[in-house]
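Coordinate inspection notes
Now for the letters of each chain:
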Amino acid sequence: MRRALDRLYDGCAVLAACFMVGLLVAVLLSILGRQLHFNIPGIDAYAGYLMAGAGFLALAHTLKRGEHIRVTLLVGRLSGSAQRAMELWALFAASLLAALGAFYSVRLSWQSWQFHDISTGNDATPLWIPQLTMALGTVVLAIAFVDELVLEARGQRLPPMPDEASHNE
């Protein structure tokens, strides 16, 4: 199960990286289009879709690598069972919030598909297509938070690595 979850997180990260490359290509095409006097309809909208997709798809991988910003003001002052209880509570609350975000993201995408909702730009993209990346990213993030909660409850969760970035939290 651990291997399958890690593949899921890594797969979403690879997909996010592909979206970043696509974003680069879209921005470069937009710049070239202005310089060489040609227009690709909707290129700015597609760049936005790619940027949003990259952000959402990278969420779970970032969480699992300990790269999300954590506010450790309270947790850092606790120790022993109080610190563990606070970690469990925080992960439980985060899991619930991530599950709610996932539910409503999936629901939004589903409703856009049902209502044949399209973008207001001249490209008229069916909105459920770019919204799928948001839905997928939030679902995988919710899975990652539950994964972290289970690992913490079992005492198998590794503490975040102290580095220079953590001193700035």
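Look a little higher up for the structure.
Residues numbered from 1 in each chain as written. Predicted model: local features only at pLDDT ≥ 70, side-chain atom pairs only at ≥ 80, totals over all residues. Heavy atoms only, no water.

Quick word on a nonpolar patch on the surface
Where we set the bar: Only residues whose relative accessible area exceeds 30% and that form no salt bridge enter a patch; like-charged residues are grouped when within 9 Å of one another, and nonpolar side chains (Val, Leu, Ile, Met, Phe, Trp, Tyr) when within 5 Å. The protein chains shown are the only cover counted for residues, whose accessible areas, like all others here, come from Shrake-Rupley with a 1.4 Å probe. Think of a salt bridge as a Lys or Arg side-chain nitrogen and an Asp or Glu carboxyl oxygen that are within 4 Å of each other. Every helix listed is a DSSP run of H or I at least four residues long, and every strand listed is a run of E at least two residues long, numbered separately from the N terminus.
Where nonpolar side chains cluster on the molecular surface, the patch consists of Val21, Val25, Leu29, Leu32, Leu36, Phe38 and Ile40 and spans about 580 Å² of accessible area. Within the fold, Ile40 resides in the loop between helix 1 (2–36) and helix 2 (43–57).

Remarks on the packing of helix 4 (residues 80–114) against helix 5 (residues 128–154)
Selection rule: Axis angles are defined between N-to-C directions and span 0 to 180 degrees, where every axis is a line fitted to C-alpha atoms and, for a helix, only to the segment in contact. Under this scheme an angle from 65 to 115 degrees is roughly perpendicular, one under 35 degrees roughly parallel, and one over 145 degrees roughly antiparallel; angles in between are oblique. We call a crossing left-handed when the near helix sits turned anticlockwise from the far one by less than a right angle, and right-handed when that turn is clockwise. Gly falls in the polar group here, along with every residue not listed as nonpolar (Ala, Val, Leu, Ile, Met, Phe, Trp, Tyr, Cys, Pro) or charged (Asp, Glu, Lys, Arg).
The interhelical angle for the contact between helix 4 and helix 5, taken along N-to-C directions, is 160 degrees, at an axis separation of 8 Å. The angle between helix 4 and helix 5 places the two elements in the roughly antiparallel class. Of the two possible hands of crossing, helix 4 and helix 5 adopt the one that is left-handed. Split by residue class, the contact of helix 4 with helix 5 holds 21 nonpolar, seven polar and five charged.

Some details on the packing of helix 1 against helix 5
Which entries qualify depends on this criterion: Two residues qualify as a contact provided that any one of their heavy atoms is within 4.5 Å of a heavy atom in the partner residue.
Where helix 1 contacts helix 5, the two axes come as close as 11 Å, and the packing angle between them is 145 degrees. As for how helix 1 packs across helix 5, the hand of that crossing is left-handed. Packed against helix 1, whose contacting residues are Arg2, Leu5, Leu8, Tyr9, Cys12, Leu15 and Phe19, the element helix 5 presents Thr133, Leu136, Val140, Ile143, Ala144, Asp147 and Leu151 at the interface. Across the contact of helix 1 with helix 5, the residue classes break down as eleven nonpolar, one polar and two charged.

Looking at the pattern of salt bridges
Defined as follows: Remark: exposure states derive from per-residue accessible area (1.4 Å probe, protein chains only) relative to the maximum for the residue type, with buried under 20%, exposed over 50%, and partly exposed in between.
Taken as a whole, this structure holds six salt bridges when the rule is applied. In this structure, Lys64 and Asp147 form a salt bridge, with 2.8 Å as the shortest nitrogen-oxygen distance. Here the residue Lys64 occupies a position in helix 3 (residues 59–64), and Asp147 occupies one in helix 5, the gap between them amounting to 83 residues. With a relative accessible area of 7%, Asp147 lands in the buried category. Residues participating in the shared-partner salt-bridge network are Arg2, Asp6, Lys64, Asp147 and Glu148.

Digging into the packing of aromatic side chains
The description of two aromatic rings rests on the distance between their centres and on the angle between their planes. Keep this limit in mind: Two rings from Phe, Tyr or Trp (for Trp, the six-membered ring) form a pair when their centres sit within 6.5 Å of each other. Planes less than 30 degrees apart are called stacked, planes more than 60 degrees apart edge-to-face, and all others tilted.
Across all of its chains, the model carries three aromatic pairs by this definition. Taking 5.9 Å as the distance between ring centres and 70 degrees as the angle between the ring planes, the aromatic pair formed by Tyr46 and Tyr49 counts as edge-to-face. Taken together, the positions of Tyr46 and Tyr49, both in helix 2 and three residues apart, correspond to about one turn of that helix. Among the residues examined, Tyr46 registers a relative accessible area of 34% and is labelled partly exposed. Plain terms: the ring middles of Phe103 and Tyr104 are 5.0 Å apart, the flat faces sit at 85 degrees to each other, and that makes the pair edge-to-face. Classification of Phe103 by relative accessible area gives partly exposed; the value is 47%. Taking relative accessible area as the criterion, Tyr104 reaches 48% and is therefore assigned partly exposed.

The values reported here are purely geometric and, on their own, carry no functional implication.
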